[in-house]
Amino acid sequence: MNLVLLGPPGGGKGTQAKRLLEKFGLVQLSTGDMLRAAVASGSPIGKKAKAVMDAGQLVSDDIVIAIIDERLDQPDTKNGVIFDGFPRTVAQAEALDAMLVRKGRKLDHAIEVRVPDQLLIERITGRFSCAKCGAGYHDKFQKPKVAGVCDSCGSKEFIRRADDNAETVTKRLDAYHAQTAPLLPYYEKKGILNVVDGTQEIGQVTRALEAILSA
Ligand code: ADP
Ligand code: ADP
Ligand code: ZN
């Protein structure tokens, strides 16, 4: 099974992708995580992407398409993947379709995690994650059980993203509405679009997603 999780920055895509992986035997492919890894490693792609990401704009289609194309050739993706944060433009969606045909695979679901803009600033400015294992947290909505200690791995080191500030969030939301929202009718026409209410509690959103994937 292959699925695309669509939705605005801070909508809960990454949180939900991680919760679905085990149950459905899937691998999470987050272009945001891959690009941040490229930036951290100082690779040529990372050098190109950094300024664009810090400005809240989208990295070029060519770069992210190439990253995904290469990643899909690794054997752990064979059972199925959750695309998180990709595609983000109609050109990326078309490239993904062509790529999947070429690799003899298909998309089963595109699911929009719908959250109105006014909730997203608080979601994003309160976001942090474990520096060691990547587990995601929120200052108010998803605190570690023991303050300052990661639930999953016990690490005491946490990180916040450079682009998770109020100014950049506004630009990222503009990019979402202008460039990514057109994917909703794109997948609707293909008959694979579902919508879940992303304003619910994290566990409720997971149950809504599981219901779609188990149907
Ligand atoms: P995305 O991957 O769509 O950008 P995240 O999954 O990183 O979003 O979620 C953004 C922030 O909001 C994180 O700090 C996360 O803990 C929190 N969060 C995710 N889902 C919910 C929810 N349903 N209710 C409240 N906070 C949430
Ligand atoms: P969020 O879900 O909070 O928007 P991501 O981690 O998905 O964050 O993306 C962070 C940044 O990485 C984006 O603002 C953009 O600059 C870049 N990026 C990630 N995925 C893509 C993509 N598919 N196409 C273009 N740029 C991307
Ligand atoms: Zn951890």
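Look up a bit, the structure's there.
Residues numbered from 1 in each chain as written. Chains lettered and ligands numbered in written order. Predicted model: local features only at pLDDT ≥ 70, side-chain atom pairs only at ≥ 80, totals over all residues. Heavy atoms only, no water.

Enquirer: Could you give me a rundown of the nonpolar core, with the residues and numbers involved?
Expert: Counting residues in hydrophobic clusters, the biggest one holds 32 residues, and the most contacted among them are Phe83, Leu96 and Tyr187. Of all the secondary structure elements, the ones that give two or more residues to this core are strand E1 (3–6), strand E2 (27–30), helix H2 (31–41), helix H3 (44–54), helix H4 (61–71), strand E3 (81–84), helix H5 (90–102) and helix H8 (183–190). In contact with Leu96, not counting residues within four places along its chain, are Val4, Phe83, Phe86, Pro87, Leu107 and Tyr187. If you look at the next biggest cluster of nonpolar residues, it comprises 14 residues, including Leu5, Ile111, Val113 and Leu209. (Core = buried A, V, L, I, M, F, W, Y, C linked by side-chain atoms within 4.5 Å. Buried < 20%, exposed > 50% of the residue type's maximum accessible area, 1.4 Å probe, protein only. Helix = DSSP H or I, 4+ residues; strand = E, 2+ residues; numbered from the N terminus. Contact = heavy atoms within 4.5 Å.)

Enquirer: Give a detailed account of the pairing of strand E5 (residues 127–130), specifying residues and quantitative values.
Expert: Where E5 lies against strand E6 (residues 136–138), three bridges are found, and the strand directions are antiparallel. Opposite Arg127, over in E6, you have His138 as the bridge partner. Connecting E5 to the next strand, E6, in antiparallel fashion are five residues, including Gly134 with a positive phi near 85 degrees. Both E5 and strand E7 (residues 158–159) contribute to a ladder of two bridges, which runs antiparallel. Looking at E7, one finds that Ser129 is bridged to Ile159. (Pairing = 2+ DSSP bridges.)

Enquirer: Any details on the site of ligand 2? Residues and values, ideally.
Expert: Near ligand 2, the surroundings consist of 20 residues, among which Thr31, Arg36, Gln57, Arg88 and Arg172 are the closest. Arg36 is positioned with one of its side-chain polar atoms (N or O) 2.9 Å from an oxygen atom of ligand 2. With the chains in place, 97% of the 550 Å² that ligand 2 exposes on its own is no longer accessible. Each residue belonging to the shell around ligand 2 can be placed in one class, and the counts come to seven nonpolar, six polar and seven charged. (Near = heavy atom within 4 Å. Polar contact = N/O pair within 3.5 Å; in protein donor to acceptor, adjacent residues only side chain to side chain. Areas by Shrake-Rupley, 256 points an atom, 1.4 Å probe, with all protein chains shown as cover. Nonpolar A, V, L, I, M, F, W, Y, C, P; charged D, E, K, R; others polar.)

Enquirer: Outline the sheet that holds E5, supporting the account with residue identities and numerical values.
Expert: Within the open sheet, the three strands sit side by side as E6-E5-E7. Their pairing is antiparallel. For this open sheet the edge positions go to E6 and E7, each flanked by a neighbour on one side alone.

Enquirer: Can you tell me about the coordination of the zinc ion (ligand 3), naming the residues and giving the values?
Expert: Distances from the zinc ion (ligand 3) to its protein donors, Cys130 (SG), Cys133 (SG), Cys150 (SG) and Cys153 (SG), fall at 2.3 to 2.4 Å. Each of the four donor atoms around the zinc ion (ligand 3) contributes to a set of angles spanning 100 to 115 degrees, which defines the coordination as tetrahedral. Motif for the zinc ion (ligand 3), donor spacing along one chain: C-x2-C-x16-C-x2-C. Highlighted residues: Cys133 in the loop between E5 and E6 and Cys150 in the loop between E6 and E7, separated in sequence by 17 residues. Using a relative accessible area of 3% as the deciding quantity, one classes Cys150 as buried. (Donors = N, O, S within 2.8 Å, 3.2 Å for Na, K, Ca; no water. Tetrahedral: all angles 85-135°; square planar, octahedral: opposite > 155°, others 65-115°.)

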